[in-house]
Amino acid sequence: MRDENVDLGRAREGDDEAFTRLVQPLRRELHAHCYRMLGSTHDADDAVQETLLRAWRGLARFEERSSLRSWLYTIATRVCLNLVESRGRRPLPVDLGPSSDRAVLDDRPLTEFAWLGPYPDAGLGDGRSVPSARYEQREAVELAFAAALQHLPGNQRAALLLFDVLGFSAAEIANMMNTSTTSVNSALARARRVIAEKVPPQSQQQTLRKIDDARVRQIVAGFSTAFERGDADALVALLTSDVTWSMPPMAHWYRGIEAVTDFAVQVPLTGCGSWRCRPTTANGQPAVGFYLGNDQTGPHHGWSITVLTLRDERIAEIMSFLGAEHFPAFALPTSLP
C-alpha cells in the first residue's frame, strides 16, 4: 500500500511511469471486463486505452473514497456503456436464422453485422476474482456466456458483470452507473433470467475439470489431424450427435451430425485446399488456429480461430471465427511458410 500511495502521489504530479505501475496489475482484468461488455477483443483494446487515458487525465479528481480498482472499473464501465449504445449487440449466426440441412457452397460473409469475436484468455486468472463472485473469471468469458451477454441491454449487462463476476455491491454499482440501488437490483434480476435461459447449466470449466488435460489435448490433436488429412471418419468420431458448427461472418450454420458431416466433407475437407493447425485456447476453451494453403508445400495463411465446446469428451460445438485479423491477439503468426 505504501508503494501504491507513493506512485499515486507521483502520478498526480505527472509521472507517467508511476501511473503505469499503478494500473498495470489491473489492466488484464479490465480488458476481460471490456470484452464481456463489448464482445470484441479489438473493441476491448480501444476501451481499455480510453479508460486509462481518462484516468490519467482525471487522476487529480480521484478522491480515494473508493479503491483505485473501483474507480477504474467505473470509468471502464461508462466507456463500454457508451460503446454498447452506439454499436449495438454482436450476434452469432444462430441468432440470425435456422440452421442449414445441407452444405451451402456459395455462402458469403455478412459484413453489415459486427459479430461476436473470440477472446485470447492467456494470463486470465482462474477461480473467482473475489469470494463473493458467482462466476469464475474464465467461466465469464466462455462462448455461451459471452453470447448470452449480447442479448442484454447495456445496463443489465453491466449490473450482472459488476455484481456476479466482479463482486461489487449493489450500492457500489449504483454509484458507478449513476442510478439507484433499486434500479441495479431490478436490472440484475432481469439479466439473471436471460442468462439462465441461454447458458448451459454446466460451464466449460466444470466440463474440462472432469476431463484429463492429456485427453483434452488428444481431442484437439485428433480434430486438427482430421483436417490436415481430410479424414471425415476421424472427424465424425469426435463429434456429438447434436453438434453445431458456425463460422461468423458467414450467416449459415449447421446442427446435427448429418448436416455437419455434409458441410465438412463438401467444403473444408475436400473443397478448400491444404490445412495446417496450431493449438491454442480461446474463451477459456480449447481452440485451434487454422491456416489454409493451396497445397501442402506452399505458404499457409491464417483462416480461422476455431473454438471447441466439449461435452463428455466429445465436441458439441465448433465455432470458427474467420479472419487472419484474429491471430495476433493469440500470439499466433498470420501465416506459416
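About the cut-offs
Residues numbered from 1 in each chain as written. Predicted model: local features only at pLDDT ≥ 70, side-chain atom pairs only at ≥ 80, totals over all residues. Heavy atoms only, no water. Helix = DSSP H or I, 4+ residues; strand = E, 2+ residues; numbered from the N terminus. Rg over C-alpha atoms; globule rule 2.2 N^0.38 Å. Contact = heavy atoms within 4.5 Å. Areas by Shrake-Rupley, 256 points an atom, 1.4 Å probe, with all protein chains shown as cover. Lys, Arg positive; Asp, Glu negative; His and termini not counted. Charge placed at Lys NZ, Arg CZ, Asp CG, Glu CD. Phe/Tyr/Trp six-rings, centres within 6.5 Å; stacked < 30°, edge-to-face > 60°. Buried < 20%, exposed > 50% of the residue type's maximum accessible area, 1.4 Å probe, protein only. Axes fitted to C-alpha atoms, helices over the stretch in contact; angles between N-to-C directions. Parallel < 35°, antiparallel > 145°, perpendicular 65-115°, else oblique. Nonpolar A, V, L, I, M, F, W, Y, C, P; charged D, E, K, R; others polar. Polar contact = N/O pair within 3.5 Å; in protein donor to acceptor, adjacent residues only side chain to side chain.

This brings us to the overall build of the protein. Along the protein, the regular secondary structure elements total 12 helices and 7 strands. A compact globule built from 337 residues would reach a C-alpha radius of gyration of about 20 Å, and the protein, at 21 Å, matches this within 12%. With respect to the three principal axes, the spread of C-alpha positions in the protein is 65 × 45 × 40 Å. Long-range pairs, those at least 24 residues apart, make up 63% of the contacts in the protein between residues at least 6 apart in sequence. Summed over all atoms, the accessible surface of the protein reaches about 15,900 Å², with 49% contributed by carbon and sulfur. Looking at charge distribution, the protein has the averaged site of its 36 positive side-chain charges lying 4 Å from that of its 41 negative ones.

Another point: the packing of aromatic side chains. According to the stated counting rule, one finds 16 aromatic pairs in the structure shown. Judged by centre distance (5.9 Å) and plane angle (80°), the rings of Phe223 and Phe290 are edge-to-face. Highlighted residues: Phe223 in helix α10 (residues 213–229) and Phe290 in strand β4 (residues 285–293), separated in sequence by 67 residues. This pair shows no difference in class: Phe223 is buried, exactly as Phe290 is. Three or more aromatic residues joined by ring pairs make a cluster, and in this case those are Phe223, Phe227, Trp245, Tyr254, Phe263, Trp275, Phe290 and Trp303.

In helix packing, the relevant descriptors are the interaxial angle and the interaxial distance, both defined with respect to the helix axes. At a minimum axis separation of 8 Å, helix α6 (residues 154–165) and helix α8 (residues 181–198) run at an interaxial angle of 90°. Taken together, the axes of α6 and α8 are roughly perpendicular relative to one another. Contacts between α6 and α8 involve Asn155, Gln156, Ala159, Leu160, Phe163 and Asp164 from the former and Val184, Ala187, Leu188, Arg190, Ala191, Arg192 and Ile195 from the latter. Considered class by class, the residues forming the contact of α6 with α8 number 8 nonpolar, 2 polar and 3 charged.

It is worth spelling out the side chain of His300 at this point. You can see His300 is positioned in strand β5 (residues 300–311). Since its relative accessible area comes to 0%, His300 is described here as buried. Within the structure, His300 has its side chain in polar contact with the side chain of Ser274 (distance 2.8 Å). A polar side-chain atom of His300 sits 2.9 Å from the main-chain carbonyl oxygen of Gly298. Non-local contacts of His300, meaning those with residues more than four positions away in its chain, are made with Ser274, Trp275, Arg276, Tyr291, Leu292, Gly293, Asp295, Ser335 and Leu336.

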